[in-house]
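What the coordinates show
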Amino acid sequence: HKSWLQIFANPEMVALALQYFFFSFVWYFYVTWLPTYLREAWNLSAVAAAGYSVIPLLVGGFGSLVSGMLPIRIPRRYIAIGGFLATAVMLFAITRMQSVALAMTCMGIASFTSDLTMPISWNTCVEIGRRYTATVAGTMNMCGNLAGFVAPVVGGLILERHAGDWNSLLYVMSAAACGS
């Protein structure tokens with residue numbers, strides 16, 4: 001019978017919290033910096049940027065739904081690893097794109113593959129926590145919200161240090177996806 005303090009010391013709990021932090025680090029780009037990225041990096045109008053900004057969130061939602069429909073015989077660990085690796089590759093690929101449509105297609109795919117992992121993360125809270133599921137879920141979610149504080153600030157610092165080079169921020173996001 002474990003106490004909640006033992007849960008916090010569990011390496012799986014630490015890995016889950018870090019994974020969700022890095023997952024959220026990337027996700028918060030979509031809800032904070034994406035419209036600015038589209039206006040500055042691709043010279044889009046505010047209206048066009050707003051239209052494109054919907055893509056990662058919409059497609060990501062479908063990733064979560066698809067994850068729940070995948071056969072149980074597919075190990076969830078493989079889905080998560082594959083999802084995060086695909087996210088990293090797609091974010092990196094954006095830095096090589098010559099059109100906003102292709103870049104946003106890659107970003108949509110990145111969001112989809114990243115969000116494949118979200119139901120797996122929440123299910124892992126039950127597997128680790130058992131009777132302390134709420135404590136594990138709250139801790140994981142707190143780490144995700146911490147990323148929501150950190151990501152926009154770090155993004156701004158990266159952009160400032162690299163003279164507005166959005167690829168620098170995309171490289172960091174790609175690395176964060178690998179850290180997930």
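Residues numbered from 1 in each chain as written. Predicted model: local features only at pLDDT ≥ 70, side-chain atom pairs only at ≥ 80, totals over all residues. Heavy atoms only, no water.

Time to look at the overall build of the chain. Scanning the chain from terminus to terminus reveals nine helices and zero strands. Each helix (α) and strand (β) of the chain, taken in turn from the N terminus, gives the series α-α-α-α-α-α-α-α-α. Taken against the 2.2 N^0.38 rule, which gives 16 Å for 180 residues, the C-alpha radius of gyration of the chain at 17 Å falls within 12% of a compact globule. The principal-axis extents of the C-alpha atoms in the chain amount to approximately 60 × 35 × 25 Å. Classification of the 180 residues of the chain by burial places 44% in the buried group. Split by element, the accessible area of the chain, about 9,200 Å² in all, is 68% carbon and sulfur. Positive and negative side-chain charges of the chain, numbering 9 and 6 respectively, have mean locations separated by a distance of 12 Å. (Helix = DSSP H or I, 4+ residues; strand = E, 2+ residues; numbered from the N terminus. Rg over C-alpha atoms; globule rule 2.2 N^0.38 Å. Buried < 20%, exposed > 50% of the residue type's maximum accessible area, 1.4 Å probe, protein only. Areas by Shrake-Rupley, 256 points an atom, 1.4 Å probe, with all protein chains shown as cover. Lys, Arg positive; Asp, Glu negative; His and termini not counted. Charge placed at Lys NZ, Arg CZ, Asp CG, Glu CD.)

Taken as a whole, the largest pocket holds about 570 Å³ of empty space. What lines the largest pocket is a set of 18 residues, among which L16, R77, A80, I120 and T124 lie closest to the centre. Mapped onto the lining of the largest pocket, the elements with two or more residues apiece are α2 (11–32), α5 (76–94) and α7 (118–129). Per element, the largest residue contribution to the lining of the largest pocket is six residues, and it comes from α7. Residues that form the lining of the largest pocket fall into these classes: seven nonpolar, seven polar and four charged. (1 Å grid on protein atoms, 1.4 Å probe; cavity = no way out; pocket = protein on both sides within 12 Å on 5 of 7 lines; lining within 4 Å. Points joined across faces, edges and corners; volume = space filled by probe spheres on them. Nonpolar A, V, L, I, M, F, W, Y, C, P; charged D, E, K, R; others polar.)

To continue, consider α5. For α5, which comprises 19 residues, the first-to-last C-alpha distance of 27 Å matches the rise-based estimate of 27 Å (1.5 Å per residue) to within 8%. Taken together, the buried residues of α5 touch α2, α3 (34–42), α6 (100–115), α7 and α9 (166–179). (Expected span 1.5 Å × (residues − 1). Contact = heavy atoms within 4.5 Å.)

The next subject is the packing of aromatic side chains. This model, assessed by the stated rule, comprises eleven aromatic pairs. Grouped by ring-pair contacts, the aromatic residues F29, Y30, W33, Y37 and W166 constitute a single cluster. (Phe/Tyr/Trp six-rings, centres within 6.5 Å; stacked < 30°, edge-to-face > 60°.)

Once that is clear, we can look at α9. Taking 1.5 Å of rise per residue, the 14 residues of α9 would be expected to cover 20 Å, and the 20 Å separating its terminal C-alpha atoms lies within 8% of that figure. Within the span of α9, buried status applies to W166, S168, L169, L170, M173, S174, A176 and A177. Against the buried residues of α9 lie α2, α3, α5, α6 and α8 (133–161).

F29, Y37, L38 and M107 are the most contacted members of the largest nonpolar core, which totals 45 residues. If one sorts the elements of this core by residue count, α2 sits on top with eleven residues. Beyond its immediate sequence surroundings of up to four residues, L38 is in contact with N43, L44, A49, Y52, S53, V100 and M104. (Core = buried A, V, L, I, M, F, W, Y, C linked by side-chain atoms within 4.5 Å.)

Along the chain, the position of G156 falls in helix α8. C-alpha of G156 to C-alpha of M90: the two residues are 66 residues apart in sequence and 22 Å apart in space.

Our focus in this paragraph is the environment of S180. Inspection of the secondary structure assignment puts S180 in the segment after α9. When the C-alpha positions of S180 and L18 are compared, they lie 7.1 Å apart, and in sequence the two are 162 residues distant. In this structure S180 touches Q19, F22, F23 and F84, once residues within four positions along its chain are discounted.

Next up on the list: the packing of α2 against α8. Orientation of α2 relative to α8, taken along the N-to-C sense of each, is 40°, at an axis distance of 7 Å. As summarised for this structure, α2 and α8 are arranged oblique, according to the angle between their axes. In this structure, the crossing between α2 and α8 has a hand that is right-handed. Across the contact of α2 with α8, the residue classes tally to 16 nonpolar, seven polar and no charged. (Axes fitted to C-alpha atoms, helices over the stretch in contact; angles between N-to-C directions. Parallel < 35°, antiparallel > 145°, perpendicular 65-115°, else oblique. Left-handed = near helix turned anticlockwise from the far one by under 90°.)

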